[in-house]
Amino acid sequence: MIPSPPHDVHVRYEQTPMPVAVLAADYPSGAWVAPHTHRRAQLLYAIEGVMLIEAQTGRWVVPPTRAVWLDAGLEHTVRMSGNVKMRTVFVEPGTVDHLPSSSCVVEVHALLRELILAAVEVPFDYAPGSRDALIMHLLLAELAAIPRLPLYLPWPVDTRLRTICDAIMGAPDQAHAVLDWAQAFGIAERTLHRQFHRETGMTFGRWRQHARLFLALERLAHGEKIVDVALDHGYTSQSAFAAMFKKHFGIAPSMFYR
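None of these values were measured; they are calculated from a predicted model. (Residues numbered from 1 in each chain as written. Predicted model: local features only at pLDDT ≥ 70, side-chain atom pairs only at ≥ 80, totals over all residues. Heavy atoms only, no water.)

### Looking at the side chain of Thr77
No. 1: In this structure, Thr77 sits in strand β7 (residues 76-91).
No. 2: Exposure remark for Thr77: the relative accessible area of 13% places this residue in the buried category.
No. 3: For Thr77, the residues in contact, after removing those within four places along its chain, are Trp32, Val33, Ala34, Pro35, Leu52, Ile53 and Glu54. (Helix = DSSP H or I, 4+ residues; strand = E, 2+ residues; numbered from the N terminus. Buried < 20%, exposed > 50% of the residue type's maximum accessible area, 1.4 Å probe, protein only. Contact = heavy atoms within 4.5 Å.)

Okay, structure coming up:
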């Protein structure tokens, strides 16, 4: 993978006395940001391209109509799918009430998008009461009101469960049952079910559904045919995939990126 630029560029945006600052950075397809943390919470948003964010506890897929809120201090990596124009909003913890209480994917509506783009041009030393200050104040207000979306895939800690999850992510069209994995690891099927639910908060079947949808989003973002995406991710037909997609996201896959 293509390495990312050094992260010391972020330092100024985290050390400013102002409660919020916005950084613009563009990355080529395949760029990878190595594991790192930030003192401030951050909203990662790409006006172009798709970002795949991974932390020890889970993974997020972030298309241009969405953004991911990451808690301060959370170690994570970022992989770019397609050329990515990233805009990062660094927010001092506790600045305003009702900011997301945990890492999550959020919807980026038209006003929030324009505020983020405008905030990139705001200097660190903007004057109180100025137009720049009003932009930043409204940006914080919008961040506190954005809806959270189900684009998060929890990741287990147990090595055996991580092996299973990695295998599903690598071959989502395969349909190995829990019994197959239990036999491979020499443990009882019921034990594997219990441990999987305890570590992810989901049943094995539900987690696999989420994983397939998670992977499908990246393919859809690049304009691939829905029927090809459906068959490559373990669905017997385009209609079966569309039904599951709409049940999970509340919208048809053909409409998701519009």
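### Re the packing of aromatic side chains
No. 1: Summed over the entire model, instances satisfying the criterion amount to 8 aromatic pairs.
No. 2: Ring centres of Tyr13 and Phe124 lie 4.9 Å apart, and the angle between their planes is 70°; this geometry places the pair in the edge-to-face category. Here the residue Tyr13 occupies a position in helix α1 (residues 11-15), and Phe124 occupies one in the loop between α2 (110-119) and α3 (131-143), the gap between them amounting to 111 residues.
No. 3: Seen from their ring centres, Tyr235 and Phe241 are 5.2 Å apart, and the 70° between their planes marks the pair as edge-to-face. Pair check on accessibility: Tyr235 and Phe241 agree, each one buried.
No. 4: An aromatic cluster is built from Trp155, Phe196, Phe204 and Trp207, whose rings are joined through pairwise contacts. (Phe/Tyr/Trp six-rings, centres within 6.5 Å; stacked < 30°, edge-to-face > 60°.)

### What about the packing of helix α7 (residues 204-221) against helix α9 (residues 238-249)?
The axes of two packed helices give the description: the angle between them and the distance between them.
No. 1: Following both chains from N to C, one finds α7 and α9 inclined at 100°, their axes separated by 11 Å at the closest point. Between α7 and α9, the angle is such that the two are roughly perpendicular. Where α7 approaches α9, its residues Gln209, His210, Leu213, Ala216, Leu217 and Leu220 are matched on the opposing element by Phe241, Met244, Phe245, His248 and Phe249.
No. 2: The class makeup of the residues in the contact of α7 with α9 is 8 nonpolar, 3 polar and no charged. (Axes fitted to C-alpha atoms, helices over the stretch in contact; angles between N-to-C directions. Parallel < 35°, antiparallel > 145°, perpendicular 65-115°, else oblique. Nonpolar A, V, L, I, M, F, W, Y, C, P; charged D, E, K, R; others polar.)

### Points about unusual backbone geometry
No. 1: Positive phi outside glycine occurs at His98, with the angle close to 70°.
No. 2: Along the chain, the position of His98 falls in the loop between β7 and β8 (104-107).

### Notes on the nonpolar core
No. 1: Counting 53 residues, the largest nonpolar core has Met51, Ile53, Met80, Trp207 and Phe241 as its most contacted members.
No. 2: Contact partners of Ile53, with chain neighbours within four places excluded, come to Leu44, Gly58, Arg59, Trp60, Val62, Val68, Leu70, His76, Thr77 and Val78. (Core = buried A, V, L, I, M, F, W, Y, C linked by side-chain atoms within 4.5 Å.)

### Considerations on the pattern of salt bridges
Note that side chains of opposite charge can pair when their charged atoms are close.
No. 1: Summed over the entire model, instances satisfying the criterion amount to 10 salt bridges.
No. 2: Note that Arg39 and Glu92 form a salt bridge whose closest N and O atoms lie 2.8 Å from each other. With Arg39 in the loop between β3 (31-36) and β4 (41-55) and Glu92 in the loop between β7 and β8, this residue pair connects regions lying 53 residues apart in the sequence.
No. 3: Among the residues examined, Glu92 registers a relative accessible area of 24% and is labelled partly exposed.
No. 4: Asp158 serves as the salt-bridge partner of Arg160, at 3.5 Å between the closest nitrogen and oxygen.
No. 5: Counted as one network, the salt bridges with shared partners bring together Arg39, Arg40 and Glu92. (Salt bridge = Lys/Arg side-chain N within 4 Å of Asp/Glu carboxyl O.)

### Structural notes on the environment of Leu213
No. 1: Relative to the assigned elements, Leu213 resides in helix α7.
No. 2: By relative accessible area, Leu213 is classed as buried at 2%.
No. 3: Taking the C-alpha atoms as reference, Leu213 lies 9.3 Å from Ala230; in sequence the two are 17 residues apart.
No. 4: Residues within four places of Leu213 in sequence aside, it is in contact with Tyr235, Phe241, Met244, Phe245, His248 and Phe249.

### So, the pairing of β8
No. 1: With 4 bridges joining them, strand β6 (residues 66-70) and β8 adopt antiparallel strand pairing. Residue pairing for β8: Ala67 is matched across the bridge by Val106.
No. 2: In this sheet, strand β9 (residues 148-149) lies alongside β8 in antiparallel orientation, the contact comprising 2 bridges. Across the sheet, the residue bridging to Val106 is Arg148, located in β9. (Pairing = 2+ DSSP bridges.)

### Section: α9
No. 1: Compared with the 16 Å implied by 1.5 Å per residue over 12 residues, the 16 Å span of α9 between its first and last C-alpha is a close match.
No. 2: On the buried face of α9, the contacting elements are α7 and α8 (226-232).
No. 3: Immediately downstream of α9, the backbone of Gly250 shows phi near 80°, a positive value. (Expected span 1.5 Å × (residues − 1).)

Function cannot be inferred from these measures alone, as they are strictly geometric.
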